[in-house]
Amino acid sequence: MILGRLAQGVALVLFVSFLAYVIVYHMGNPADVLASPNATAEDMARVVHDFGLDQPFLTQYFTFLKRVFSGDFGMSFIVGEPAMSVIAARFPATLELAISAVFIATIVGVPLGVLAGAYPEAPLSRLAINLSILGISVPLFWMGLLLIMIFAVWLGVVPAGGRGAVGTFLGIRSSLFTLDGLHHIILPASTLAISQTVLFFRLANAGTREALSSDYIKFARTKGVGERRILARHVLPNILIPLVTVGGLELGSVLVFAAVTETIFAWPGMGKLMIDSIGLLDRPVITAYLMLTVFIVIVVNLAVDLLNLWLDPRLRTRAR
Amino acid sequence: MTAVPAWSSSSGAVKPIRAIIAASILLLIVLAALFAPWIAPQNPYDMNAVSIMDGRLPPGSVGDAGFTFWLGSDDQGRDMLSAILYGLRVSLFVGFAVTLGAAVIGSIMGLTAAMAGGVVDSIIMRFVELQLSFPAMLIALMLVATVGSGLDKIILAIIAVQWAFYARTIRSAAQVEVRKDYIEAARCLSLSRWRIMAVHLLPNCLSVLLVIANILMANAIVIEATMSFLGLGLPISRPSLGRLIANGFDYLLNGAYWISLFPGIVLVVVIYCINIIGDDLRRFLNPRGL
């Protein structure tokens, strides 16, 4: 199972690297952006040659692939530094945003989903279920605007954008360790968390309903186990597996939607960098971003498989 | 014989009141968009009708043009109500066109995979899985960044990322049907593959197709809006709802909330109605595997 996953991962890396390269290769002529507006044809030709843009398509691809495996994505056309280090510098900001969002989604979505599943007839549960459909209907970027409008412009309680002060804790630098940083991250993290919260809510809700009608819960009830203990000790562990699986699979889209969130809140993460790079036709940065994203997606998928093996003893015997 | 979808769910009859209300609202919105040239106070594409002197008027004010800007105006002096009605046409058209294109391509691929099995099935499904393991929005962004923006290119890019969802769902539904006796009978009558697929297999996968098409149509409208918001979608000359919202973003911090707020509300109402209908459809049709 793990080997199959690995093979699939390698196929995905190659597929995306080629796709990224083909797509990015056809994306405008970066020489137009690189050379100054009043450059002569000679200057243009030199720029084209310096960056290897005059080589045949496949040659450029294989050069690219060879470099990629040694971790070299070339120099950013815009800042003139290695593309990977440009991205790596922005990565922590995106990571802390994604982690905060998943954290919010988990502590809000899962308990609410379990409760709504346990008491499906309660008016509050019905309201929450209807709200969850509204939640998936609100486009993330507009939700971000709405939150800025309410909390930054009208109420003025939080800043409208930017990353706050960065603190150091146990050698890790993150804005999560300062009050100012937390102040700045709360809006973007909540925005990014919305679709995950709804997803976790719906999964937990459906899982709880299913689990509650099963024999082992009926048996626990017959034994006289309290309602709270049934939910916490018997239902929750059984709904964790789909939650972990879907949560892991959704990580790729969290990263992409982080790009949208970062654009709205002027959050200096790698997603905003990628959107900016598309506008500037900065090919090395875009390809480096794509490869890093696909790598993260694969690693997380593997981690999800391993986590599921640990969570669900039944899978372990089946895997043998 | 084939299983006729029952208009009730396993847990007692569901009354489709919610879906009927949602469908009525959606119908009203679609009609308003269709008849926009006749009901909009202003033609927002006609630069002669738009006066920059009317720029950024708050909702309810009367401008130079002599009519009331019920939803305010944008920075160019365009009436927001008119811009929203015209923007709806673009957003809804993208939704319909993408759904039609992706559903046709995805169904053909899914049905072919289920009918043929073996190597054909493996090749198609490997490709589908590969594509689905990478975020759809990212692929669409890259495609549009490559081929450039424009209505046709946006639609093609979203079709290119959505067909795989249809293919996977239709294939899993068709795989169940293919093993049934009526398909066996049709094969024994040596009907052509296309005929079996179109006349016998497809109608029995229709409930699944309907449900997923609903979800994905809402999704297509959101993808287009998001790309337009990021500036990688449609140009400002013929703005969709997403582009209108993006346009208002620049003025949001100055307090001109209406430019972003109202197009967004209309967008959310459209998506919410589609999702409500989809949610109830799923309960009524109750297809397996969804």
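Residues numbered from 1 in each chain as written. Chains lettered and ligands numbered in written order. Predicted model: local features only at pLDDT ≥ 70, side-chain atom pairs only at ≥ 80, totals over all residues.

Some details on the interface of chain B and chain A
Each partner contributes to the interface: chain B provides 31 residues, whereas chain A provides 30 residues. Contributions of two or more residues to the side of chain B that touches chain A are made by α5 (136–147), α9 (206–229), α10 (241–252) and α11 (258–285) of chain B. Of the residues forming the side of chain B that touches chain A, the biggest block, nine residues, is contributed by α11 of chain B. When the residues that make up the side of chain B that touches chain A are grouped by side-chain class, the tally is 23 nonpolar, seven polar and one charged. (Contact = placed C-beta atoms within 7 Å. Helix = DSSP H or I, 4+ residues; strand = E, 2+ residues; numbered from the N terminus. Nonpolar A, V, L, I, M, F, W, Y, C, P; charged D, E, K, R; others polar.)

Observations concerning the packing of helix α7 (residues 140–154) of chain A against helix α11 (residues 251–264) of chain A
All names here are of chain A. Axis separation between α7 and α11 bottoms out at 10 Å; the angle between their running directions is 30°. Between α7 and α11, the angle falls in the class roughly parallel. As α7 runs across α11, the sense of the crossing is right-handed. Note on element contacts: α11 touches α7 through F257, V260, T261 and I264, opposite L140, F141, G144 and L145. A breakdown of the residues in the contact of α7 with α11 according to their chemical character gives six nonpolar, two polar and no charged. (Axes fitted to C-alpha atoms, helices over the stretch in contact; angles between N-to-C directions. Parallel < 35°, antiparallel > 145°, perpendicular 65-115°, else oblique. Left-handed = near helix turned anticlockwise from the far one by under 90°.)

So, the confidence of the model for chain B
All names here are of chain B. For chain B, the average pLDDT comes to 81, and 89% of its residues sit at 70 or higher. Below pLDDT 50 for its whole length, residues 1–12 participates in 13 contacts with residues either more than four positions away or in separate chains. Reported confidences for the modelled complex are a pTM of 0.83 and an ipTM of 0.79. (pLDDT = per-residue confidence, 0-100.)

Thoughts on unusual backbone geometry
All names here are of chain A. Although it is not a glycine, A266 adopts a positive phi angle of roughly 50°. Along the chain, A266 turns up in the loop between α11 and α12 (270–280). Overall, A266 belongs to the partly exposed group, with 13 C-beta atoms counted inside 10 Å. (Buried ≥ 20, exposed ≤ 12 C-beta atoms within 10 Å, placed from the backbone.)

A closer look at the environment of I29 of chain B
Residue and element names in this part refer to chain B. Summarising the element assignment, I29 is placed in helix α1 (residues 17–34). The sequence separation of I29 and A220 amounts to 191 residues, and the corresponding C-alpha distance is 18 Å. Residue contacts for I29: discarding those within four places in its chain leaves L88 and V270.

A closer look at the environment of I265 of chain B
Looking at the element boundaries, I265 of chain B is found in helix α11. C-alpha of I265 of chain B to C-alpha of E224 of chain B: the two residues are 41 residues apart in sequence and 16 Å apart in space.

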